[in-house]
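# Structure assessment
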Amino acid sequence: MGLIILGNNLDVLRRLPDGFARLIYIDPPFNTGKVQSRTQIKTVQDDIGGDRIGFAGRSYRTEKLGTSAYSDTFDDFIGFLRPRIEEAYRVLAPTGSFFFHIDYREVHYCKVMLDEIFGRNCFQNEIIWAYDYGARTKKRWPAKHDNILWYSKDPERYTFNLDECDRIAYMAPGLVGPEKAARGKTPTDVWWHTIVPTNGKERTGYATQKPLGILERIVKVHSNPGEVVLDFFAGSGTTGEAAARHGRDYLLVDSNPQAVELMRKRLSLPEVRDAKDEIDSEIAVDRQARLF
C-alpha cells in the first residue's frame, strides 16, 4: 500500500523506473532564508506551578514535547530543484499530473523552469491556496496565500475526476436559489482553506505541515484508486495519508530522520527503507504503474 524511504530524494528518483507514478505532488522548501521550526507542546492542569490561564480561570503548566526544524536557505534554489524536477518528469506516467507547491518568493522563477521541462502547453493551472491566519504586517499587504502549479505530462490526456471533488458553499447563496445553495459548488482555481489549526487533531508538530483537505482534493481529482502517488519532499506525510484514505498507493521520500519517523507513526508503517539499500528490486511496477 505504501513505502517510506529515508535518503536523498535525487538518488531515489534516479533509481525509479520510467512512468512510475500517476500523480506527483511536492512541497519543497520555499527558500525563505530562515530556519523553519515548530515546537510541539501540551498543557497539564497545575493549580500551583501553572504558567498560563485556561478555561474557567484554571491554571495550566506547559510541557514541551519536542521541536522539528530545518534550514530553508539555498544559494541556487533553481539549481537545487532542476535535476529533481527533470527526474520527476521522467518517472511521471504518460497521462500523469505534477503539482508543485511554492509561495510568492520563488513561484515566478520556478514556473519558468517548469515550462522548460514540461513545456508551456502542459501547464494547466495555477491554484491559489488562500488562508487568513497568522501575523499581519502593517508595512504592506499581508501575504496570505501559497501557489500550486499543475502540469500534465501530456497536454490533452490526464486524469481530472471533477465529480470526486468536495463541494464548497456559494459566497452569495441568495443569488443562486436554495437548491443550488444547498448542493454547493465545485471549487475554482482559488482554494479557500484554513491552515492546520495550532491545537487541532490534525497537527503533527512538523514545521511546514499542509492541510489534509488540500491534499485529499488533489489526490481524489487527479488520480484513481490503486494508482501510485509520489511525494519526494514528504515532510509530515500528509500526501501519504491522503493517498491511503482514498485507496491509492504511495511512495514518500525525505532526508530528515525526524520527518520520516513522524510519517512512520502517522501512517502506522512498521519499517522505513534506507535509500542506501537497493530499492529497485523491492518495487514491482505493472503497465498501470502500480506499486505492490
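Residues numbered from 1 in each chain as written. Predicted model: local features only at pLDDT ≥ 70, side-chain atom pairs only at ≥ 80, totals over all residues. Heavy atoms only, no water.

### Structural notes on the pairing of strand 11 (residues 249-254)
- Within strand 11, 6 of the 6 residues are buried, which leaves the element mostly enclosed by the surrounding structure.
- Burial of the side chains of strand 11 extends over both faces: D249, L251 and V253 are buried on one face and Y250, L252 and D254 on the other.
- Where strand 1 (residues 2-6) lies against strand 11, 5 bridges are found, and the strand directions are parallel. Note on strand 11: the bridge partner recorded for G2 is Y250.
- Pairing of strand 10 (residues 228-231) with strand 11 involves 4 bridges; the strand directions are parallel. Across the sheet, residue V228 finds its bridge partner in strand 11, namely D249. (Buried < 20%, exposed > 50% of the residue type's maximum accessible area, 1.4 Å probe, protein only. Helix = DSSP H or I, 4+ residues; strand = E, 2+ residues; numbered from the N terminus. Pairing = 2+ DSSP bridges.)

### So, the environment of Y131
- Relative to the helices and strands, Y131 is located in the loop between strand 7 (123-130) and strand 8 (145-152).
- In this structure the C-alpha to C-alpha distance between Y131 and D146, which are 15 residues apart in sequence, comes to 8.7 Å.
- With residues near it in sequence (within four places) discarded, Y131 still touches K144, H145, D146, W192, H193 and I195.
- Reaching out from Y131, the side chain makes a polar contact with the side chain of D146 at a distance of 3.1 Å. (Contact = heavy atoms within 4.5 Å. Polar contact = N/O pair within 3.5 Å; in protein donor to acceptor, adjacent residues only side chain to side chain.)

### Section: the sheet that holds strand 9 (residues 190-192)
- The strand order across the open sheet built from 9 strands is 9-7-8-6-2-10-11-1-12, with neighbouring strands paired in mixed fashion. The open sheet terminates on both sides in strands that have one partner only, identified here as strand 9 and strand 12 (273-274).
- Across 2 bridges, the pairing between strand 1 and strand 12 is parallel. Bridge pairing links I5 to R273 in strand 12.
- On the sheet, helix 5 (residues 212-222) packs against strand 2 (21-26), strand 6 (92-102), strand 7, strand 8 and strand 9 and is oriented at approximately 160° with respect to strand 2.
- Contacting strand 1 and strand 11, helix 7 (residues 257-266) runs over the sheet at an angle of about 160° to strand 1. (Axes fitted to C-alpha atoms, helices over the stretch in contact; angles between N-to-C directions.)

### Topic: a nonpolar patch on the surface
- On the surface, Y158, F160 and L162 cluster together to form a nonpolar patch covering roughly 250 Å² of accessible area.
- With respect to the helices and strands, the residue F160 is situated in the loop between strand 8 and helix 4 (178-183).
- By relative accessible area, which is 41% here, F160 ends up partly exposed. (Patch = residues over 30% accessible without salt bridge, like charges linked within 9 Å, V, L, I, M, F, W, Y side chains within 5 Å. Areas by Shrake-Rupley, 256 points an atom, 1.4 Å probe, with all protein chains shown as cover. Salt bridge = Lys/Arg side-chain N within 4 Å of Asp/Glu carboxyl O.)

### Side note on the packing of aromatic side chains
- Under the definition given, this model contains 11 aromatic pairs.
- Ring geometry for W150 versus F160: centroids 5.8 Å apart, planes at 15°, classification stacked. With W150 in strand 8 and F160 in the loop between strand 8 and helix 4, this pair connects stretches of sequence that are 10 residues apart.
- On the accessibility criterion, W150 (3% relative accessible area) is buried.
- An aromatic cluster of at least three residues, connected via ring pairs, comprises Y89, F98, F100, F118, F123 and Y151.
- Seen from the ring of Y89, K153 lies directly overhead, with NZ or CZ sitting 4.6 Å from the centre.
- The ring of W191 has R217 lying over it, and the distance from NZ or CZ to the ring centre is 4.7 Å. (Phe/Tyr/Trp six-rings, centres within 6.5 Å; stacked < 30°, edge-to-face > 60°. Lys NZ or Arg CZ within 6 Å of the ring centre and 35° of its normal.)

### Quick notes on the pattern of salt bridges
- For the structure on display, the rule yields 15 salt bridges.
- A salt bridge links R266 to E241; its shortest N-O distance comes to 2.7 Å. Highlighted residues: R266 in helix 7 and E241 in helix 6 (residues 238-245), separated in sequence by 25 residues.

### Re the side chain of R203
- Relative to the elements of secondary structure, R203 occurs in the loop between strand 9 and helix 5.
- Here the side chain of R203 touches V196 through a polar contact of 2.8 Å, landing on its backbone oxygen.

### Some words on the pairing of strand 10
- Side chains V228 and L230 project from strand 10 onto one buried face, and the interleaved V229 and D231 project onto a second face that is buried too.
- Pairing of strand 2 with strand 10, which is carried by 2 bridges, proceeds in the parallel orientation. Its bridge partner being in strand 10, L23 is matched across the sheet by V229.

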